[in-house]
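# Summary of structural features
Each chain is listed here by its residues.
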Amino acid sequence: LESILDLKNVCQIYNISSLYQLKSLEETCARFIDRNCYTLIKQNTLLQLSCDSLASIINRDSFSASEIDIFNLVKEWHETNGEKEPRPELIDKIRLPLMKLEELLNEVRLSNLINSDCIL
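Residues numbered from 1 in each chain as written. Predicted model: local features only at pLDDT ≥ 70, side-chain atom pairs only at ≥ 80, totals over all residues. Heavy atoms only, no water.

### Observations regarding the environment of I119
In this fold, I119 is placed in helix α8 (residues 116-119). We classify I119 as buried; its relative accessible area is 14%. Through-space distance from the C-alpha of I119 to that of L25 is 36 Å; in sequence the pair is 94 residues apart. For I119, the residues in contact, after removing those within four places along its chain, are L96, L104, V108, R109 and I114. (Helix = DSSP H or I, 4+ residues; strand = E, 2+ residues; numbered from the N terminus. Buried < 20%, exposed > 50% of the residue type's maximum accessible area, 1.4 Å probe, protein only. Contact = heavy atoms within 4.5 Å.)

In structure tokens:
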């Protein structure tokens, strides 16, 4: 599976490797996702990840997307998966202190995905 990784199948393979605890394959997929994070975000491919898989990916220091991009990814994941309530395992991975004040006020606060008290 490592030899056939591409932008279209990496999330499916990552989900499977996480589910079956195939650590080597999981790490290979994670590194691939890290290297291609902006392309995968732009193509909405990361929305295919399970909640636990997405939490694991965005928690990596090597996942080099900006925090506002990570926030928007988590927001879109909730919308795509029909989640009515915010999933704490995802929300807790967003590093709010790394965002600009205008991003916090104009995007994060207005989304109602994160409690205003947490933003403060």
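So much for the structure itself; the text now carries on.
### Overview of the pattern of salt bridges
Counted under the stated rule, the structure contains eight salt bridges. The partner of K23 in a salt bridge is E26, and the shortest N-O contact between them spans 3.6 Å. With K23 and E26 both in helix α2 (residues 23-35) and three residues apart, this pair spans about one turn of that helix. The exposure class of K23 is exposed, given its relative accessible area of 55%. Across the pair D61 and R95 runs a salt bridge whose closest N-O atoms are separated by 3.3 Å. Separated by 34 residues along the polypeptide, D61 in the loop between α4 (51-58) and α5 (67-80) and R95 in the loop between α6 (88-91) and α7 (101-111) bring together distant segments of the chain. On the accessibility criterion, D61 (70% relative accessible area) is exposed. Each of the salt bridges in this network shares a partner with another, and the network as a whole consists of E27, R31, D34 and R60. (Salt bridge = Lys/Arg side-chain N within 4 Å of Asp/Glu carboxyl O.)

### With respect to α2
Here α2 contains 13 residues, and its C-alpha end-to-end distance of 18 Å stays within 8% of the 18 Å for a straight helix at 1.5 Å per residue. Looking only at α2, the buried set comprises L25, E26, T28, C29, A30, F32, I33 and D34. Lining the buried residues of α2 we find α1 (10-19), α3 (37-42) and α4. (Expected span 1.5 Å × (residues − 1).)

### What about a nonpolar patch on the surface?
Among the surface-exposed residues, I16, L19, Y20 and L22 lie close enough to one another that they form a single nonpolar patch of about 440 Å² accessible area. Within the secondary structure, Y20 sits in the loop between α1 and α2. (Patch = residues over 30% accessible without salt bridge, like charges linked within 9 Å, V, L, I, M, F, W, Y side chains within 5 Å. Areas by Shrake-Rupley, 256 points an atom, 1.4 Å probe, with all protein chains shown as cover.)

### A short note on the side chain of R60
Mapping R60 onto the fold places it in the loop between α4 and α5. Assessed through its relative accessible area of 17%, R60 is described here as buried. A distance of 3.3 Å separates a polar atom in the side chain of R60 from a polar atom in the side chain of E27. A polar side-chain atom of R60 sits 2.6 Å from a polar atom in the side chain of D34. (Polar contact = N/O pair within 3.5 Å; in protein donor to acceptor, adjacent residues only side chain to side chain.)

### Thoughts on the nonpolar core
One finds L46, F63, I94 and V108 to be the most contacted residues of the largest nonpolar core, which totals 39 residues. When residues in this core are grouped by element, the largest group, six residues, is from α5. When residues no more than four places from it in sequence are discounted, the contact partners of F63 are I33, D34, C37, I41, L46, I57, I58 and I70. (Core = buried A, V, L, I, M, F, W, Y, C linked by side-chain atoms within 4.5 Å.)

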